[in-house]
Amino acid sequence: MGFVAMVFSVVVLIHYYLWRRLVRATTLPGRTRRVLTWLLIAMGLLVPVTMIGSRAGWGHFLAWPGFFWLALMFYLLVFLVVLEIPRALALLAVRRMERRAAARRSDVRVAEPVPSGGVAVSAAASPAAAASAGAETEAQTGAEAGTGAGTGTGAGTGIGAGAGIGRRLFIARTAATVAGVGALVTVGSGVRTALGDPVIERVGVTLPRLDPRLSGLRFAVVSDIHLGPLTGVKHTERIVRMINELEADVVAVVGDLVDGTVAELGRLARPLANLESRYGSYFVTGNHEYYTANGPGEWIEELRALGIRPLQNERVEIGHAGAVLDLAGVNDVAGGTVDAGPDFERALGGRDRSRSTVLLAHQPIQAREAAGYGVDLQLSGHTHGGQMVPFNLVVPVQQPVVAGLGEVDGTQVYVTRGAGFWGPPVRVGAPPEITLLELRA
């Protein structure tokens, strides 16, 4: 409930801001403004309904419109915030132009010659006349700024906005158009990236304690596949095909495989039975496995049936060229909510520390505890590399490594950006990834 309340509050604030910039500032009071206002309210309600419904299992039909609008909403916000400074400068220039125009009109009225037979009345001599002139100036300025009335040489046409559009409307509509086009192009490109082939990242990692005979051992690392209402079986088949083409020694699936139950998504996972590697495929839970209605247990059994071995706070030995590597896996931090959290002592305690160890752990932050057990390398996911810029700038608040190879307390950590997406089917600045990681002595 706390999460839902936070999401609802943020969505309300963002939509209020969008209403002020995209509706109120760009329209005049009337039917158009009312229609756009109610449309924006409906889109705002769609966001939390989609997020709740998708997780509960009854709102899958809302996934495409709801999550697409979520991405569009976010980038409209980003573009409009960026445009605030040029917009403010343009409005400041308009105010100065209006003040100068008002001053010129006032001077002209005061200096007008007296008609034949009339009596001259100066502004100083007649306060009533001056007040009348000021009121006329204010009314004319307001008409130019708010309604853009007039056709000939009015304020709106003076800057090329067209007859009937005032300066302020012209600025607001220009900013809204730029933000709208920018957001649509960004989201459209992001959808194409998210639904396209993952990038193959080839990474070499040197482990100082690695037995030279293990040098060249290759891991295919994939994470955050997020099988769900927006993915089909082709998504899984493509990932399996690309992993098999790498001819890796070990396949490591590092969490967040699914966003639903076996009954809902089991058919999407079946192609995983075709994964190929010399020493097997292994899996550790991510936080999303604990968000499913039936918990991670049914998926653990389903993956066993598909030939993928779950590592639940345990380790196995990988024998290669006469040498041995310890491969360990721990549950995700989210498992602590159901008394199934990570147990590093069980997975890593009592081992031969002369051997190199590779740990599978969904979240990079888990490396802080793994370092105390002398882990050489941790393979993680979770961050999506930020998925949509500028979220990559926020991830470091929670996680020590956003993407790629880093180090935490002496333990090397490789974080894959993930092969899928969560929420909006959009990736901007963080393309999906499958990693071929080679160990080097």
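Residues numbered from 1 in each chain as written. Predicted model: local features only at pLDDT ≥ 70, side-chain atom pairs only at ≥ 80, totals over all residues. Heavy atoms only, no water.

- Going by an unreviewed UniProt entry, the protein carries the name Calcineurin-like phosphoesterase domain-containing protein and comes from Planobispora longispora.
- In UniProt, the protein has this text filed under Cofactor (unreviewed entry): "a divalent metal cation".
- Within the UniProt record for the protein, the comment given under Sequence similarities (unreviewed entry) is "Belongs to the metallophosphoesterase superfamily." (UniProt positions renumbered as here; feature names shortened; annotations may be inferred.)

### Some words on the overall build of the protein
Inference 1: Each helix and strand counted, the protein has 12 helices and 12 strands in total.
Inference 2: Taking all 441 residues of the protein together, the buried fraction comes to 50%.
Inference 3: Long-range pairs, those at least 24 residues apart, make up 73% of the contacts in the protein with a sequence separation of at least 6.
Inference 4: Surface summary for the protein: the accessible area is close to 20,400 Å², and the carbon and sulfur share equals 59%. (Helix = DSSP H or I, 4+ residues; strand = E, 2+ residues; numbered from the N terminus. Buried < 20%, exposed > 50% of the residue type's maximum accessible area, 1.4 Å probe, protein only. Contact = heavy atoms within 4.5 Å. Areas by Shrake-Rupley, 256 points an atom, 1.4 Å probe, with all protein chains shown as cover.)

### Brief notes about the nonpolar core
Inference 1: Counting residues in each nonpolar core, the largest one holds 32 residues, and the members touching the most others are L18, W69, Y75, L76, V187 and V426.
Inference 2: Mapped by element, the contributors of at least two residues to this core are α1 (2-24), α2 (31-56), α3 (63-82) and α7 (167-195).
Inference 3: With 11 residues, α3 is the largest single contributor of residues to this core.
Inference 4: Beyond its immediate sequence surroundings of up to four residues, L76 is in contact with L18, L22, W69, A179, G180 and A183. (Core = buried A, V, L, I, M, F, W, Y, C linked by side-chain atoms within 4.5 Å.)

### Some points on the sheet that holds strand β10 (residues 404-408)
Inference 1: Reading across from one edge, β6-β7-β8-β9-β11-β10 is the order of the six strands in this open sheet, with mixed pairing throughout. Each having just a single partner strand, β6 (314-320) and β10 make up the two edges of the open sheet. Across the sheet, the axes of successive neighbouring strands diverge by a mean angle of 25 degrees, strand direction being ignored.
Inference 2: Summarising the sheet, strand β7 (residues 323-329) and strand β8 (residues 357-360) pair through four bridges and their orientation is parallel. By the bridge assignment, L327 is partnered in β8 with V358. (Pairing = 2+ DSSP bridges. Axes fitted to C-alpha atoms, helices over the stretch in contact; angles between N-to-C directions.)

### Side note on the packing of aromatic side chains
Inference 1: By the definition in use, this model includes four aromatic pairs.
Inference 2: On the numbers, 4.6 Å between centres and 15 degrees between planes, the contact of F74 with F391 is stacked. In this pair, F74 sits in helix α3 while F391 sits in the loop between β9 (377-380) and β10, placing the two residues 317 residues apart along the sequence.
Inference 3: Residue F74 is classed as buried on the basis of its relative accessible area, which comes to 14%.
Inference 4: With a centroid separation of 6.4 Å and 20 degrees between ring planes, the pair formed by F344 and Y373 is classed as stacked. Within this pair, whereas F344 is found in helix α11 (residues 344-348), its partner Y373 is found in the loop between α12 (367-370) and β9, the two being separated by 29 residues in sequence. The exposure classification of F344 matches that of Y373, with both residues buried.
Inference 5: Ring pairs connect the aromatic residues F74, Y75 and F391, which therefore count as one cluster. (Phe/Tyr/Trp six-rings, centres within 6.5 Å; stacked < 30°, edge-to-face > 60°.)

### Brief notes about the environment of I41
Inference 1: Structurally, I41 is set in helix α2.
Inference 2: The partly exposed category is assigned to I41, whose relative accessible area is 37%.
Inference 3: In this structure, the C-alpha to C-alpha distance between I41 and H15, residues 26 residues apart in sequence, is 7.6 Å.

### A word on the UniProt feature "transmembrane region" (unreviewed entry) in the protein
Inference 1: According to UniProt, the positions carrying the feature "transmembrane region" (unreviewed entry) are residues 6-23, 35-54 and 66-94.
Inference 2: Across residues 6-23 one finds 100% helix and 0% strand; the C-alpha atoms that close the span lie 25 Å apart.
Inference 3: Secondary structure content for residues 66-94 is 97% helix and 0% strand, and the end C-alpha separation is 39 Å.

### Considerations on the packing of helix α9 (residues 262-269) against helix α10 (residues 297-305)
Inference 1: Interaxial distance between α9 and α10 falls to 11 Å at its minimum, and their mutual angle equals 25 degrees. The orientation of α9 with respect to α10, classified from their angle, is roughly parallel. In this structure, the crossing between α9 and α10 has a hand that is right-handed. Taken together, the residues of α10 that come into contact with α9 (itself represented by V262, L265, G266 and A269) are E298, W299 and E302. (Parallel < 35°, antiparallel > 145°, perpendicular 65-115°, else oblique. Left-handed = near helix turned anticlockwise from the far one by under 90°.)

### Some details on unusual backbone geometry
Where the residue is not glycine, phi is negative for most of them; where a peptide bond is considered, it is trans in most cases.
Inference 1: Cis geometry marks the peptide bond from V389 to P390, where omega comes out at 10 degrees.
Inference 2: Locating P390 in the fold gives a position in the loop between β9 and β10.
Inference 3: Unusually for a residue other than glycine, H226 sits at a positive phi of about 50 degrees.
Inference 4: Residue placement: H226 occurs in the loop between β2 (218-222) and α8 (233-246).

### Focus: a nonpolar patch on the surface
Inference 1: On the surface, F8, V12, W38, I41 and L45 cluster together to form a nonpolar patch covering roughly 510 Å² of accessible area.
Inference 2: The set of elements that each furnish at least two residues to the nonpolar patch consists of α1 and α2.
Inference 3: Position of V12 relative to the elements: it lies in helix α1. (Patch = residues over 30% accessible without salt bridge, like charges linked within 9 Å, V, L, I, M, F, W, Y side chains within 5 Å. Salt bridge = Lys/Arg side-chain N within 4 Å of Asp/Glu carboxyl O.)

### Some remarks on the side chain of D224
Inference 1: Locating D224 in the fold gives a position in the loop between β2 and α8.
Inference 2: Buried within the structure, D224 lacks any salt-bridge partner; its nearest side chain of opposite charge belongs to R427, at an N-O separation of 6.5 Å.
Inference 3: Non-local contacts of D224, meaning those with residues more than four positions away in its chain, are made with G255, D256, H362, G381, H382, H384, G418, A419, G420 and F421. (Lys, Arg positive; Asp, Glu negative; His and termini not counted.)

### Here we look at α8
Inference 1: Relative to the 20 Å expected for 14 residues at 1.5 Å per residue, α8 spans 21 Å between its end C-alpha atoms, a close match to the ideal helical length.
Inference 2: In the core, the buried residues of α8 are packed alongside α7, β1 (199-206), β2, β3 (250-254), α9 and β12 (433-440).
Inference 3: Immediately beyond the C-terminal end of α8, within one or two residues, lies E247, with a positive phi of roughly 50 degrees. (Expected span 1.5 Å × (residues − 1).)

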